[in-house]
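Listed here are the chains, written in short residue letters.
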Protein chains: 2
Amino acid sequence: MKNIFADIPGQLPEELFTTLLQHKNLKIERIVSRGHANADDQWYDQEHDEWVLLVQGEAILELAEQRQLIKLQAGDYLLIPTGCKHRVEWTRPEIDNIWLAIHF
Amino acid sequence: MKNIFADIPGQLPEELFTTLLQHKNLKIERIVSRGHANADDQWYDQEHDEWVLLVQGEAILELAEQRQLIKLQAGDYLLIPTGCKHRVEWTRPEIDNIWLAIHF
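- Looking at an unreviewed UniProt entry, chain A carries the name Cupin type-2 domain-containing protein, with the source organism given as Methyloprofundus sedimenti.

1. Describing the sheet that holds strand E8 (residues 86-91) of chain A
Residues and elements named next belong to chain A.
Phase 1 of the analysis: Strand order across the open sheet formed by three strands is E6-E5-E8, with antiparallel pairing between neighbours. Of all the strands in the sheet, just strand E6 (68-73) and E8 have a single pairing partner and so form its edges. On average, adjacent strands in this sheet sit at an angle of 25 degrees to one another, irrespective of strand direction.

2. Some thoughts on the pattern of salt bridges
Phase 1 of the analysis: Counted according to the given criterion, the structure contains 14 salt bridges over all chains.
Phase 2 of the analysis: For the salt bridge of A:Arg92 with A:Glu58, the shortest nitrogen-to-oxygen distance reads 2.6 Å. In this pair, A:Arg92 is assigned in the loop between E8 and strand E9 (97-103) and A:Glu58 in strand E5 (residues 58-63), connecting sequence segments 34 residues apart.
Phase 3 of the analysis: The salt bridge partner of B:Asp40 is B:Arg87, with a shortest N-O separation of 3.6 Å. In this pair, B:Asp40 sits in the loop between strand E3 (26-33) and strand E4 (50-56) while B:Arg87 sits in strand E8 (residues 86-91), placing the two residues 47 residues apart along the sequence.
Phase 4 of the analysis: You can call B:Asp40 exposed: its relative accessible area is 65%.
Phase 5 of the analysis: Look at the salt bridges and you will find they share partners, linking A:Asp40, A:Glu62, A:Arg87 and A:Glu89 into a network.

3. Digging into the interface of chain A and chain B
Phase 1 of the analysis: Counting residues at the interface gives 26 residues for chain A, matched by 25 residues for chain B.
Phase 2 of the analysis: A buried area of about 2,200 Å², summed over both sides, lies between chain A and chain B, and 77% of it is on carbon and sulfur atoms.
Phase 3 of the analysis: Area buried by chain A at its contact with chain B is led by A:Met1, A:Trp51 and A:Tyr77, which between them contribute 28% of it.
Phase 4 of the analysis: Here chain A and chain B share zero salt bridges between them.
Phase 5 of the analysis: At the junction of chain A and chain B, the tally comes to eight residue pairs in polar contact (both at pLDDT 80 or more).
Phase 6 of the analysis: Those elements giving two or more residues to the side of chain A that touches chain B turn out to be strand E1 (2-3), strand E2 (16-23), strand E3 (26-33), strand E4 (50-56), E6, strand E7 (76-80) and E9 of chain A.
Phase 7 of the analysis: Grouping the constituent residues of the side of chain A that touches chain B by class yields 18 nonpolar, four polar and four charged.

4. Observations regarding the pairing of E2(A)
Residue and element names in this part refer to chain A.
Phase 1 of the analysis: Relative to E3, E2 runs antiparallel, the two being bridged by seven bridges. Looking across to E3, one finds that Phe17 is bridged to Ile31.
Phase 2 of the analysis: Linking E2 to E3, which pair antiparallel, is a turn of two residues; within it Lys24 sits at a positive phi near 50 degrees.

5. Considerations on the layout of surface pockets
Phase 1 of the analysis: If you add up the space inside the largest pocket, you get close to 350 Å³.
Phase 2 of the analysis: Forming the boundary of the largest pocket are A:His23, A:Lys24, A:Asn25, A:Leu26, A:Asp49, A:Phe104, B:His23, B:Lys24, B:Asn25, B:Leu26, B:Asp49 and B:Phe104.
Phase 3 of the analysis: Its residues placed into classes, the lining of the largest pocket shows four nonpolar, four polar and four charged.
Phase 4 of the analysis: The space that makes up the second largest pocket amounts to roughly 210 Å³.

Rules used in this analysis
Residues numbered from 1 in each chain as written. Chains lettered and ligands numbered in written order. Predicted model: local features only at pLDDT ≥ 70, side-chain atom pairs only at ≥ 80, totals over all residues. Heavy atoms only, no water. Pairing = 2+ DSSP bridges. Helix = DSSP H or I, 4+ residues; strand = E, 2+ residues; numbered from the N terminus. Axes fitted to C-alpha atoms, helices over the stretch in contact; angles between N-to-C directions. Salt bridge = Lys/Arg side-chain N within 4 Å of Asp/Glu carboxyl O. Buried < 20%, exposed > 50% of the residue type's maximum accessible area, 1.4 Å probe, protein only. Contact = heavy atoms within 4.5 Å. Buried area = accessible area lost by both parts, 1.4 Å probe. Polar contact = N/O pair within 3.5 Å; in protein donor to acceptor, adjacent residues only side chain to side chain. Nonpolar A, V, L, I, M, F, W, Y, C, P; charged D, E, K, R; others polar. 1 Å grid on protein atoms, 1.4 Å probe; cavity = no way out; pocket = protein on both sides within 12 Å on 5 of 7 lines; lining within 4 Å. Points joined across faces, edges and corners; volume = space filled by probe spheres on them.

Here's what the structure looks like:
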């Protein structure tokens, strides 16, 4: 049995991306951010939809066109549609903030 | 912002199924089980793959062909392939056991 809270290294110099399932156009991914964030000009601009659940921790996302900051608590989820430029503004330091991202 | 731990009624006479996202062949669903389980002869037999994450709580799944009981803790996830008959044998009473099910 695999666990989404397991297999996280003690040292995490960069965000950790782990593909949990890949099937045709579907990818289920775990992302662990331990205080990591994107640079001010580093945007994700994807050609597919992404549904994101913050399983654990706290984070702030920025959406480019809306010029909107979105604070996420554990359990919060949202759809990031194709072409919706976004970046991670902040994640809580010193804990493992765990995202589940469904790319489809 | 929607939250996977929110909008759970105080009374839960049956399991609660909530579609969080539906897009073509993809359905993202929350299931809340408060001690609920399937009857001994009540099997799910699906014509699509399902990826399941137990976000919160404890549960036991039964897989028919393998005659296998699988104990799940919070964070455990597994793939239930097309045609893999399964049922929920047990969920922890008096708490909200929360599943995230990705049907694809």
